[in-house]
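Reading the structure
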Amino acid sequence: MTELPQSIKNSPDPVPPDSLKGVPRQQTNPSRWNGDGWEAFVAELVSQGITINQGLANRSGYITDGGGIAMGLPRGVLVARSPEDIATTLKAAQKYKVPVSVRGGGLTTEGECISFGALQLDMRGMSNVIHIDETNLTVRTEAGIYWHSLAEALRRRGLDYISAPLNMTSSVGGTLGVGGIDINSPKFGCSADQAIALRVVTPTGEIVECSEQENTELFERVLLGYGQFGVITEATLKIRPFTPITMHYFYYSSLRESVEDLRFLVEEEAADYLGILTMLDRAINLLVAFDSDEKEREFFNKYRKRIKGHGEIGFALHMAAHYALHPWRVKEALYLLERKRSLLPELSPPGHMQEGKIIDRTVVFSRAVWKFWGGKKMIIPDLATSSEKFAEAVEKGNEVCRRYFPHYTLYCVGIKLFGSFESRPRYELSCIPPDAHDFGYGCEFEPMLGNHNYSRDHFQSFKNEIYDIGVDMGTSYYRFGGMMKGYIRRAFGDELVDKHLAMKQKADPAMILNPDVIF
Amino acid sequence: MLPGINGYEKCNGCGLCTLPCPIWRQSYDSLLTFAGRARALQGGAKIEEIRNSVDACILCGSCEAACSMGIRTVDITLKLRAAINKNNEEMPIQRYNDQALTETTILLPNAALLADKKTLKLTTGLLNIPLAKDNSQDILLFLLKKFEVGFIPEAEMLEGFLRRLIRLRQVVIADGLFKRYIRALIPELHTEILGLGEALLRLPAIKNALKPTDLYIIEARSYNMDFKRCMPFYTEISSQTGCRMNLDLQRIAIPTGGCINTETGNEFTPKSTGQIRWILEGRSFDRIVVESVEDIGLLKNAVVGVPVVHVAELAGENAL
Ligand SMILES: Cc1cc2nc3c(=O)[nH]c(=O)nc-3n(C[C@H](O)[C@H](O)[C@H](O)COP(=O)(O)OP(=O)(O)OC[C@H]3O[C@@H](n4cnc5c(N)ncnc54)[C@H](O)[C@@H]3O)c2cc1C
Ligand code: SF4
Ligand code: SF4
């Protein structure tokens with residue numbers, strides 16, 4: 001058995017040994033809460049007019065998250081309807097020491113939003129759009145709303161949100177807590193950076209308005225705070241006029257070249273949307289898209305020649321030549337052809353195109369993600385790095401993928417930073433890499449599981465190897481928490497984690513809000 | 001696993017079907033949605049525990065159009081309804097007339113269309129389709145009512161009825177749920193099966209009368225339960241005419257709730273008023289065109305000063 005370092009042994013939240021390097025047995029679930037005080041807690045809430053649903057039918061919907069690996073049935077569910085109800089619930093939870101796990105879309109993949117035997121607070125009960133300010137381009141909304149539903153309301157007025165996960169069923173509150181990366185994040189940063197003001201219920205049950213001007217400390221802690229410092233019930237977000245987008249694909253047979261071109265284009269701010277999607281190690285797709293024809297023209301005049309990617313025909317010829325010289329790789333060639341035949345049309349479906357431009361990019365990408373990568377289990381470990389470390393981290397992660405799975409996709413994006421770690425304390429202990437300046441980069445490593453039955457240990461070992469790259473290279477993770485709790489201390493160091501732990505203990509004396517996510 | 005009911009176990013909880021669900025939009029209670037039912041059953045809940053959810057569903061088909069796993073959500077919900085409302089199992093079926101039809105095309109109306117004599121006459125005239133003259137209408141109306149409570153007749157039971165349809169070139173069906181059922185039973189190769197709105201929109205006089213300032217209300221069941229075929233057709237109509245439609249961002253038709261069967265609903269059944277508010281919110285238009293007769297009254301009540309017309313009326317006063 002590997003001996004734990006002293007600093008970890010002595011820390012108040014010791015790292016689960018299962019997630020340490022070289023330890024073969026892997027943990028997939030935090031332990032289940034023992035239920036002490038539950039009855040009294042429920043009775044107190046009932047006496048205040050709050051119903052906790054304890055039926056199996058209700059609870060079953062919350063047994064797992066988007067990852068489908070961590071499993072935990074809550075003891076009861078509260079569908080949030082008002083900040084007051086949440087405040088009453090959190091006050092009682094402090095009193096009876098009942099853990100409360102908050103859930104929006106539930107699309108975490110490491111069990112962060114799951115309640116392991118305690119109270120599940122479902123924020124989607126608060127999904128109303130409160131006010132759209134068409135003049136100042138802001139929206140005030142309840143935070144349980146799905147981004148897609150928000151987009152539905154905005155689009156009727158020719159408006160759109162700025163950046164959100166390419167997934168229609170993530171919620172505003174859940175996303176502001178974890179980051180939220182879109183293919184326009186190189187331009188607009190993460191979703192959390194679109195927040196102007198929040199209404200938050202603190203872990204001790206105070207309802208507080210916060211923004212960059214008011215209760216700033218709370219605002220900075222709740223954004224990118226993994227639900228540790230409060231429940232977001234309302235958010236004011238920046239919005240923008242809706243524009244259809246023009247998409248171009250450039251193809252690479254070298255991962256490093258594609259990553260270097262992505263960095264180059266991100267840092268030159270050469271496009272409105274940028275991302276890498278790999279099909280095979282030697283077939284990589286760089287997505288470049290534009291909100292305006294002017295930006296598109298500028299790209300072709302100024303940057304196209306400076307990147308190495310092929311157009312579709314050029315790449316087809318290149319690959320044909322490659323496979324002619326390597327005929328024994330015919331299976332790979334067929335896989336690639338099939339992938340291209342099935343995936344690419346999905347990215348430009350006729351119902352979502354207008355004069356060659358994509359409308360509803362989130363619908364298009366989200367449907368494609370679920371269709372091609374989705375399933376009951378989704379394993380998406382990721383790394384978030386500075387510009388300098390990105391290519392190496394991606395290559396190392398790709399190497400791990402190759403050892404574990406026959407087919408996988410890497411999805412790489414850039415993330416613009418607005419200000420430094422000093423001016424934006426929200427970036428500290430978050431998906432934003434500690435050594436990033438101006439831009440951070442993220443890469444998801446996503447095996448295509450198909451109908452294979454892999455063991456949980458296989459998945460966990462794979463994830464650990466990816467996360468270990470982060471520890472070795474001193475990166476961050478663009479979604480972290482839950483089952484990778486142990487990594488956070490190792491990746492960020494004792495000093496920073498202890499600082500946040502002290503803040504958490506002060507804000508949440510009974511440590512009941514979203515336990516086991518970070519602390 | 002529930003005997004005879006399967007498909008729900010494929011649900012991965014992605015939630016895409018929740019987004020357009022009218023019950024979701026009006027309650028934000030996930031157990032009342034199809035995904036909620038599927039997850040509850042996966043978790044071992046008893047069918048009784050999801051009764052409210054099963055009965056509240058308006059069978060609009062939005063969840064089926066959205067499902068990332070291609071689950072036949074409406075079939076499952078109907079089977080759950082049948083299992084819950086066990087008294088429907090012994091439903092007697094009326095006798096149908098088995099005589100051969102001489103027409104090449106027929107219209108299978110629903111109760112609302114039959115009751116609206118003016119629109120019925122206009123529709124049959126425009127489509128140049130006679131109404132079936134025998135008693136198949138009675139059978140149809142009987143079936144339509146029973147369908148929603150979960151009674152699905154075996155194909156053999158309707159053999160004569162289907163045998164007659166199969167010989168036709170085209171069947172135009174006003175009820176979306178019935179259209180889905182018939183489509184599943186009759187091979188498309190021989191008989192074209194269309195919704196009423198779609199059949200009318202194929203007439204140039206009607207399509208050309210649509211304007212960019214129109215809001216066109218598709219009958220949601222007919223469209224959503226035949227999504228792959230209908231979505232491109234209506235997208236084309238919308239882009240050719242410029243008219244707006246009651247589609248959401250996934251291109252799923254937002255139901256008005258006009259088809260709600262009062263026999264099945266419960267306190268959680270979504271209200272038409274809420275649906276119509278959602279359809280109209282933030283949209284500007286100077287005429288509303290509807291496919292479904294039930295929607296005429298609903299929309300007239302909801303908007304003041306804007307004409308509401310049935311799609312058949314677009315052909316003009318002297319069409320016949
Ligand atoms: C198929 C798939 C695709 C994805 N694509 C992307 C992508 O493109 N970009 C990206 O950034 N991410 C992506 N993700 C990750 C996921 O979408 C994000 O983590 C998402 O933003 C989380 O939002 P959610 O509403 O699902 O949060 P949840 O999973 O519900 O919660 C996330 C965390 O926040 C807490 N929380 C939830 N709501 C609140 C609240 N109101 N107040 C306080 N705390 C709260 C939870 O306790 C949990 O710790 C993807 C995930 C999947 C499964
Ligand atoms: S059929 Fe309509 S009402 Fe019923 S669950 Fe599906 S989307 Fe909701
Ligand atoms: S869309 Fe399909 S797979 Fe996804 S939650 Fe709904 S029923 Fe389940």
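Residues numbered from 1 in each chain as written. Chains lettered and ligands numbered in written order. Predicted model: local features only at pLDDT ≥ 70, side-chain atom pairs only at ≥ 80, totals over all residues. Heavy atoms only, no water.

A closer look at the packing of aromatic side chains
Scanning the model with the defined rule gives 27 aromatic pairs over all chains in all. Measuring from ring centre to ring centre gives 6.4 Å for B:Tyr216 and B:Tyr234, while their planes differ by 45°; the resulting arrangement is tilted. Within this pair, whereas B:Tyr216 is found in strand β4 (residues 214-217), its partner B:Tyr234 is found in helix α14 (residues 227-241), the two being separated by 18 residues in sequence. Assigned by exposure class, B:Tyr216 and B:Tyr234 land together as buried. Judged by centre distance (5.3 Å) and plane angle (90°), the ring pair of B:Phe233 and B:Tyr234 falls under edge-to-face. Like B:Phe233, the residue B:Tyr234 is buried in the burial classification. The rings of A:Tyr404, A:Phe405, A:Tyr454, A:Phe459 and A:Phe462 are connected pair by pair, giving a single aromatic cluster. Across from the ring centre of B:Trp278, 4.2 Å away, lies the NZ or CZ of A:Arg156, which sits over that ring. Positioned above the aromatic ring of B:Trp278, the side-chain terminus of B:Arg25 is 3.6 Å from the ring centre. (Phe/Tyr/Trp six-rings, centres within 6.5 Å; stacked < 30°, edge-to-face > 60°. Helix = DSSP H or I, 4+ residues; strand = E, 2+ residues; numbered from the N terminus. Buried < 20%, exposed > 50% of the residue type's maximum accessible area, 1.4 Å probe, protein only. Lys NZ or Arg CZ within 6 Å of the ring centre and 35° of its normal.)

Comments concerning the pairing of β4(B)
All names here are of chain B. Residue alternation in β4 divides its side chains into two sets, Asp-214 and Tyr-216 and Leu-215 and Ile-217, and both sets are buried. Across 4 bridges, β4 lies against strand β6 (residues 287-290) in parallel orientation. Across the sheet, the residue bridging to Ile-217 is Val-290, located in β6. Here β4 pairs with strand β5 (residues 244-245) via 2 bridges, running parallel. Across the sheet, the residue bridging to Tyr-216 is Met-245, located in β5. (Pairing = 2+ DSSP bridges.)

Considerations on empty space enclosed by the protein
The tally for this structure, following the rule as stated, stands at 13 cavities of 30 Å³ or more. Approximately 320 Å³ is the volume found for the second largest cavity. Around the second largest cavity sit 26 residues that line it, and A:Gly61, A:Arg103, A:Arg124, B:Gly13 and B:Arg39 are the ones nearest its centre. Among the secondary structure elements, those contributing two or more residues to the lining of the second largest cavity are α3 (56-60) of chain A together with α2 (34-42) of chain B. Sort the elements by how many residues they give to the lining of the second largest cavity and α2(B) lands first, with 3 residues. Taken together, the residues of the lining of the second largest cavity sort by class into 8 nonpolar, 14 polar and 4 charged. (1 Å grid on protein atoms, 1.4 Å probe; cavity = no way out; pocket = protein on both sides within 12 Å on 5 of 7 lines; lining within 4 Å. Points joined across faces, edges and corners; volume = space filled by probe spheres on them. Nonpolar A, V, L, I, M, F, W, Y, C, P; charged D, E, K, R; others polar.)

Quick word on the domain arrangement of chain B
Residues and elements named next belong to chain B. Along its sequence, chain B is carved into domain 1 (8-84), domain 2 (105-196) and domain 3 (200-315). The straight-line distance from the C-alpha centre of domain 1 to that of domain 3 is 24 Å. The partner domain 3 presents 23 residues to the 20 residues of domain 1 that form the contact. Between domain 1 and domain 3, a total of about 1800 Å² is buried, with carbon and sulfur atoms accounting for 60% of that surface. Among the residues of domain 1 in contact with domain 3, Gln-26, Ile-58 and Ala-65 are the three that bury the most area, contributing 31% of the side total. Our count for the contact surface shared by domain 1 and domain 3 stands at 0 salt bridges. The interface formed by domain 1 and domain 3 holds 8 residue pairs in polar contact (both at pLDDT 80 or more) in total. Elements with a contribution of two residues or more to the side of domain 1 that touches domain 3: α1 (22-27), α3 (51-56), α4 (62-66) and α5 (73-84). No other element matches the 4 residues that α1 contributes to the side of domain 1 that touches domain 3. (Domains from an automatic or database assignment. Contact = heavy atoms within 4.5 Å. Buried area = accessible area lost by both parts, 1.4 Å probe. Salt bridge = Lys/Arg side-chain N within 4 Å of Asp/Glu carboxyl O. Polar contact = N/O pair within 3.5 Å; in protein donor to acceptor, adjacent residues only side chain to side chain.)

Here's the deal with the pairing of strand β2 (residues 170-173) of chain B
For a regular strand, the rule is simple: side chains alternate between the two faces of the sheet. Residue and element names in this part refer to chain B. Taking every second residue as pointing to the same face, both faces of β2 are buried, with Gln-170 and Val-172 on one and Val-171 and Ile-173 on the other. Pairing of β2 with strand β3 (residues 192-195) involves 4 bridges; the strand directions are parallel. Paired with Val-171 across the two strands is Ile-193, which belongs to β3.

Here's the deal with the nonpolar core
Side chains of nonpolar character tend, in soluble globular proteins, to be buried together. Within the largest apolar cluster, 171 residues are counted, with the highest numbers of intra-cluster contacts made by A:Leu198, B:Leu165 and B:Phe178. Residue contacts for A:Leu198: discarding those within four places in its chain leaves A:Arg140, A:Leu176, A:Val208, A:Glu209, A:Cys210, A:Phe219, A:Val222, A:Leu223, A:Ile232, A:Glu234 and A:Ala235. In terms of nonpolar packing, the next biggest core, distinct from the first, is built from 60 residues, B:Leu80, B:Leu127, B:Leu196 and B:Ala199 among them. (Core = buried A, V, L, I, M, F, W, Y, C linked by side-chain atoms within 4.5 Å.)

Regarding the site of ligand 2
Residues and elements named next belong to chain B. In the neighbourhood of ligand 2, the contacting residues comprise Cys-21, Pro-22, Ile-23, Phe-34, Arg-37, Cys-57, Ile-58, Leu-59, Cys-60, Gly-61, Ser-62 and Cys-63. Counting only elements with at least two residues in the shell around ligand 2, the list comes to α1, α2 and α4. Taken together, the residues of the shell around ligand 2 break down into 9 nonpolar, 2 polar and 1 charged. (Near = heavy atom within 4 Å.)

Focus on the sheet that holds β2(B)
Residue and element names in this part refer to chain B. Within the open sheet, the 3 strands sit side by side as β1-β2-β3. Their pairing is parallel. The open sheet has two edge strands with one neighbour each: β1 (105-108) and β3. In this sheet, adjacent strand axes meet at a mean angle of 20° when their direction is disregarded. Of the strand pairs in this sheet, β1 and β2 are connected by 4 bridges, and their pairing is parallel. Residue Leu-108 lies in a different strand from β2, and its bridge partner there is Ile-173. Its contacts with the sheet put helix α10 (residues 176-185) on β1, β2 and β3, and the angle it makes with β3 is roughly 165°. (Axes fitted to C-alpha atoms, helices over the stretch in contact; angles between N-to-C directions.)

Structural notes on the side chain of A:Gln94
Along the chain, A:Gln94 turns up in helix α4 (residues 83-96). If we skip the residues at most four places from it in the chain, A:Gln94 touches A:Pro203, A:Thr204, A:Asp508, A:Pro509, A:Ala510 and A:Ile512.

Some details on the pattern of salt bridges
Within this structure, the stated rule accounts for 53 salt bridges over all chains. Taking the shortest distance from any N to any O, the salt bridge between A:Arg424 and A:Glu212 comes out at 3.1 Å. Highlighted residues: A:Arg424 in the loop between β16 (408-416) and β17 (439-447) and A:Glu212 in the loop between β8 (207-211) and α8 (216-222), separated in sequence by 212 residues. In this structure, the salt-bridge partner of A:Asp468 is A:Arg490, at a minimum N-O distance of 3.8 Å. Placement of the pair is A:Asp468 in helix α15 (residues 456-473) and A:Arg490 in helix α16 (residues 485-492), with a sequence separation of 22 residues. Residues participating in the shared-partner salt-bridge network are B:Lys179, B:Arg183, B:Glu192, B:Glu198, B:Arg202, B:Asp226 and B:Arg229.

Describing the site of ligand 3
What surrounds ligand 3 is the set B:Cys11, B:Asn12, B:Gly13, B:Cys14, B:Gly15, B:Cys17, B:Phe34, B:Ala35, B:Cys67, B:Ser68 and B:Met69. Across the shell around ligand 3, the residue classes break down as 7 nonpolar, 4 polar and no charged.

As for the packing of helix α9 (residues 255-268) of chain A against helix α14 (residues 387-404) of chain A
Residues and elements named next belong to chain A. Between α9 and α14, whose axes approach to 10 Å, the crossing angle comes to 150°. In terms of orientation, α9 and α14 fall into the roughly antiparallel class. Seen from above, α9 lies across α14 with right-handed handedness. Where α9 approaches α14, its residues Leu-255, Arg-256, Val-259, Leu-262, Arg-263 and Glu-267 are matched on the opposing element by Ser-387, Glu-388, Phe-390, Ala-391, Glu-392, Val-394, Glu-395 and Asn-398. In terms of residue class, the contact of α9 with α14 is made up of 6 nonpolar, 2 polar and 6 charged. (Parallel < 35°, antiparallel > 145°, perpendicular 65-115°, else oblique. Left-handed = near helix turned anticlockwise from the far one by under 90°.)

Some details on the domain arrangement of chain A
Residues and elements named next belong to chain A. For chain A, the domain assignment lists domain 1 (126-243) and domain 2 (246-483). Each of domain 1 and domain 2 has a C-alpha centre, and the two are 25 Å apart. Contact between domain 1 and domain 2 buries roughly 3000 Å² in total, counting both sides, with carbon and sulfur atoms accounting for 53%. Counting every contact that joins domain 1 to domain 2 gives 11 salt bridges. Ionic pairing is found between Glu-212 and Arg-426, a salt bridge with its closest N-O pair at 3.3 Å. If you look at where domain 1 meets domain 2, you find 18 residue pairs in polar contact (both at pLDDT 80 or more). Put simply, the parts of the chain that give the side of domain 1 that touches domain 2 at least two residues each are α5 (147-155), β6 (159-161), α7 (185-188) and α8.

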